[in-house]
Amino acid sequence: RCDPRGSGCPSQLMYLNNLVVNTTYPGAQQAGTSRSSMSLPRPKSSGLLGSEGSCYESLCEQQPIGRRLFRQFLLDSNSQYAAAAKLLEDFDYWQHMEDEAKEKAKMSVLAKFCQPESRTFLFSHAGDAAEKYTSLSISNFDEAAMEHVREATRTFLKGGPFSEYLKSPFFYRFLQWKEYEKQKITRKYFYEFRTLGRGGFGEVCAVQVKHTGQMYACKKLDKRRLKTKGGERLALIEKQILEKANSRFVINLAYAYEDRTHLCLVIDLMSGGDLKFHIYDLGKRGIRMERVVYYVAQITSGILHLHSMDIVYRDMKPENVLLDAKGQCRLSDFGLAVELPKGKKICQKAGTTGYMAPEILRQENYGMSVDWWSVGCSIYEMVAARLPFKDFKEKVQNEEVTRRTLEDDCKFQHSDFDAPVKDLISHFLKKKVQNRLGCRSGDDPRNHVFFKGINFHRLEAGLAEPPWVPKPNVIYAKDMDAFRTASEVEDVKLDSKDERFFKEFSTGAVPVRWQKEMIESGTFDLLNSSDKTEMPAGSEAQ
Ligand code: ADP
Ligand code: MG
Ligand code: MG
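Along every chain, residues carry numbers that run from 1 in the direction the sequence is written. Numbering of ligands from 1 and lettering of chains from A proceed in the order in which they are written. With pLDDT at 70 or above as the cut-off, local features in this predicted model cover only qualifying residues; side-chain atom pairs require 80 or more to be listed or tallied, and sums for whole chains, interfaces and linings still use all residues. Where side-chain values are given, they derive from all heavy atoms of the structure, hydrogens and water being excluded.

**So, the site of ligand 1**
This is how the line gets drawn: One heavy atom suffices: a residue is near a molecule or strand as soon as one of its heavy atoms comes within 4 Å of it. Any pair of nitrogen or oxygen atoms within 3.5 Å is treated as a polar contact; in protein, a donor-acceptor pairing is required on top of that, and neighbouring residues in sequence qualify only through side-chain atoms on both sides. The protein chains shown are the only cover counted for residues, whose accessible areas, like all others here, come from Shrake-Rupley with a 1.4 Å probe. For helices the rule is a DSSP run of H or I covering at least 4 residues; for strands it is a run of E covering at least 2, with both sets numbered from the N terminus onward.
In the vicinity of ligand 1, 14 residues are found, and the nearest of them are Gly200, Lys219, Asp268, Met270 and Asp333. In the model, an oxygen atom of ligand 1 is placed 2.9 Å from a nitrogen or oxygen of the Asp333 side chain. For ligand 1, the accessible surface in isolation is 550 Å², of which the surrounding protein chains cover 81%. When residues of the shell around ligand 1 are assigned to their parent elements, the largest contribution, 4 residues, is made by strand β1 (residues 190–199).

**Section: the environment of Glu181**
Note the threshold: Residue contacts are defined here by distance: any two heavy atoms, one from each residue, within 4.5 Å place the two residues in contact.
Checked against the element boundaries, Glu181 lands in helix α11 (residues 169–181). Spatially, the C-alpha atom of Glu181 lies 9.8 Å from that of Met518, the residues being 337 residues apart in sequence. Non-local contacts of Glu181, meaning those with residues more than four positions away in its chain, are made with Ala509, Pro511, Trp514 and Gln515. Among the polar contacts made by the side chain of Glu181, one reaches the side chain of Gln515 at a distance of 3.0 Å.

**Here we look at the nonpolar core**
The criterion, for reference: Throughout, nonpolar core names a set of buried Ala, Val, Leu, Ile, Met, Phe, Trp, Tyr and Cys residues whose side chains join them through atoms within 4.5 Å. Buried, partly exposed and exposed residues are distinguished by accessible area as a fraction of the type maximum, computed with a 1.4 Å probe on protein chains only: under 20%, between the cut-offs, and over 50%, respectively.
Ranked by size, the top nonpolar core spans 90 residues in total, and within it Ile299, Leu331, Phe334, Ile379 and Phe505 carry the most contacts. Take this core: its biggest share by element is 10 residues, from helix α17 (residues 369–384). With 58 residues, the next largest nonpolar core counts Met146, Leu157, Trp177 and Val209 among its residues.

**Thoughts on the sheet that holds strand β11 (residues 508–509)**
Paired through backbone hydrogen bonds, the strands of a sheet run either parallel or antiparallel to each other. Condition: By this definition, two strands are paired if DSSP reports at least two bridges between them.
Pairing is antiparallel across the open sheet formed by 6 strands, whose spatial order is β1-β2-β3-β5-β4-β11. Among the strands making up the open sheet, the edge pair consists of β1 and β11. Here β1 runs beside strand β2 (residues 202–209); their pairing, made up of 7 bridges, is antiparallel. Each bridged residue has a counterpart across the sheet, and for Phe190 the counterpart in β2 is Val209.

**So, the confidence of the model for the protein**
Note the cut-off: Every residue carries a pLDDT, the predictor's confidence in it, which falls somewhere between 0 and 100.
Here the protein averages 86 in pLDDT, while 84% of its residues score no lower than 70. Taken together, the stretch residues 1–36 has pLDDT below 50 and engages in 57 contacts with residues farther than four places along the chain or on a different chain. For residues 538–542, every residue scores under 50 in pLDDT, and the model assigns this stretch 8 contacts once sequence neighbours within four places are set aside. As a predicted assembly, this complex carries a pTM of 0.85 together with an ipTM value of 0.98.

**Overview of a positive patch on the surface**
Rules: What goes into a patch is any residue over 30% in relative accessible area without a salt bridge, connected to like charges within 9 Å or, for nonpolar side chains (Val, Leu, Ile, Met, Phe, Trp, Tyr), within 5 Å. A carboxyl oxygen of Asp or Glu within 4 Å of a side-chain nitrogen of Lys or Arg is what we treat as a salt bridge. When charges are counted, Lys and Arg are positive and Asp and Glu negative, with His and the chain ends excluded. Every charge is mapped to an atom, namely NZ of Lys, CZ of Arg, CG of Asp or CD of Glu.
A surface patch of like charges, here positive, comprises Lys276, Arg285, Lys393, Lys395 and Lys478. As for its position among the elements, Lys393 is in the loop between α17 and α18 (398–407).

**Some details on the packing of helix α13 (residues 232–244) against helix α21 (residues 496–505)**
Spelled out, the test is: Angles run from 0 to 180 degrees between N-to-C directions of axes, and those axes are lines fitted to C-alpha atoms, restricted for helices to the stretch in contact. Roughly parallel refers to an angle under 35 degrees, roughly antiparallel to one over 145, roughly perpendicular to one between 65 and 115, and oblique to any angle outside these ranges. Gly falls in the polar group here, along with every residue not listed as nonpolar (Ala, Val, Leu, Ile, Met, Phe, Trp, Tyr, Cys, Pro) or charged (Asp, Glu, Lys, Arg).
Their axes nearest at 11 Å, the elements α13 and α21 cross at an angle of 10°. With respect to α21, the axis of α13 lies roughly parallel. Counting all contacts with α13, which are made through Glu232, Ala235, Leu236 and Lys239, the residues of α21 involved are Asp498, Phe501, Phe502, Glu504 and Phe505. Split by residue class, the contact of α13 with α21 holds 5 nonpolar, no polar and 4 charged.

**Looking at helix α15 (residues 289–308)**
Given 3.6 residues to a turn, an α-helix orients residues that are three or four positions apart in the same direction. Worth spelling out the cut-off: Multiplying 1.5 Å by the residue count of a helix minus one yields the expected span of that helix.
Its 20 residues place the ends of α15 28 Å apart at the C-alpha level, agreeing with the 28 Å of an ideal helix rising 1.5 Å per residue. Most of α15 sits inside the fold, with 16 of its 20 residues counted as buried. Following α15 by one or two positions, Asp310 has its phi on the positive side, about 65°.

**Structural notes on the pairing of strand β4 (residues 253–258)**
The buried count for β4 comes to 6 of 6 residues, which makes it a mostly enclosed element. Sheet topology note: the β4/strand β5 (residues 262–267) ladder contains 5 bridges and is antiparallel. Considered in β5, the bridge of Ala256 is made with Leu265. Taken together, β4 and the strand that follows it, β5, pair antiparallel across an intervening segment of 3 residues. In this sheet, β11 lies alongside β4 in antiparallel orientation, the contact comprising 2 bridges. Residue pairing in the sheet places Tyr255 in a bridge with Ala509 of β11.

**A short note on the pairing of β5**
Extensive coverage of β5 is indicated by the burial of 6 of its 6 residues. Every second residue of β5 is oriented toward a common face, with His262, Cys264 and Val266 on one face and Leu263, Leu265 and Ile267 on the other, all of them buried. Of the pairings in the sheet, the one linking strand β3 (residues 215–222) to β5 comprises 6 bridges and is antiparallel in character. Opposite Cys218, over in β5, you have Val266 as the bridge partner.

**Concerning unusual backbone geometry**
Not every positive phi belongs to a glycine, and Asp99 is a case in point at roughly 45°. Checked against the element boundaries, Asp99 lands in helix α7 (residues 99–113). In this structure, Arg314 is a non-glycine residue whose phi angle is positive, near 65°.

Structure follows, in structure tokens:
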């Protein structure tokens, strides 16, 4: 293993990057020899249904392993159930198609599932209602009809098939996976590699899960430092937000655990660097427009995801947008984020100078609107390599930036601003909230002409090719020497109250992310085929 402190040595850096690209799979296969003799634990008799609930959406749609096993159950049961499973699959495929291919996929669904003469006709069970579907034809089978057929299929599956599934060996297998998922996570679960950056409470380093080969970043928070600086509550908020977010445009949490000295957040590894680095530190200042459009589309989707969970980010700036190895970006660093349910407002100065909205600076009550202002500032910065109201490295008092933000018009002097980007920024930088893009009811920033080349469905599905891909042998971060060294912490004593808090924080694996890891690394297939445990008699779930 490479020494985590040997971060400056180029050959080790190369090694890390090769690992990032190559090991997820081969690493997992190597480990497979020992794993194939492994078997899944028995579920505890108390069962998981209590805590899991018996919610169809969570068990059969949202949790990746649950979704797989439910599908296997349907395919294994009878032709009717199998047809329903295939329809849902075809529907997902159709959603991400475009133009002619999309039309073709739709017609294939019509022919396969909605015509009584087809062997896979879905609605023979529907009795009289079947009539409704037999009248569907090429002329009236539009997108709304597609949605309708899908909803009808889900409604069907939620009934009989779902109750049968809960009594089947497939669901017993799911409970075994859930038991495995609850294992205690310690630092021995990971290999640790070089430091990637440093934050307020400790360093961030690359780690790899030993038995799957999956790479992650690990953000370590020094327990004593948290206590001295009163950062415990903030750490918990950050963890809870990372845990809730389930979007490809927001950093996801995979594990939360503790060791003797640190609380650890294991999150998506972003090896492409942050956007601030891309704006200022790679030769020509600024980012070219094709990339700006792509990143802003992803940022916009990420912000909409946070807002849909009633979370205000409050720290939107290029520095907090990180690129992964493929060149896709995600929002990170939720230390300032706050949850504001039911349209609640807050009046608290928070954010970074140069990105804060007028309503924050005027100390008014505010909500989600402040994030759209910061998005406007960030787009401006990506193009012009300066902020709308503050020049790059300009020595200026915060009061003056505040004055300019409240009073001055935003000027577009840089030649790289084209008409669509100017229009988009101007709409995000409206000083009055009620005029600002993203804040007026019903207006969706994604409909702006700036995004005309983006298909948001495909973007959400991860199918939109990034316009630029990080080179695997380059480190997109300032030299390690540039990271300030951590100051010594005074010797504070941790008491039982602190210990209780650390326990509450250390919840182990995050279900959706963990299950994805099991599937992507091949562990799911491997254990499912090697583990021949049958459901013990009388142990079916109640
Ligand atoms: P803080 O909240 O203390 O500022 P951050 O979450 O911003 O901590 O992390 C500190 C630094 O670590 C970042 O500026 C970045 O360089 C690096 N970093 C953070 N998260 C990741 C990640 N997921 N992948 C790669 N590097 C990261
Ligand atoms: Mg930070
Ligand atoms: Mg932070």
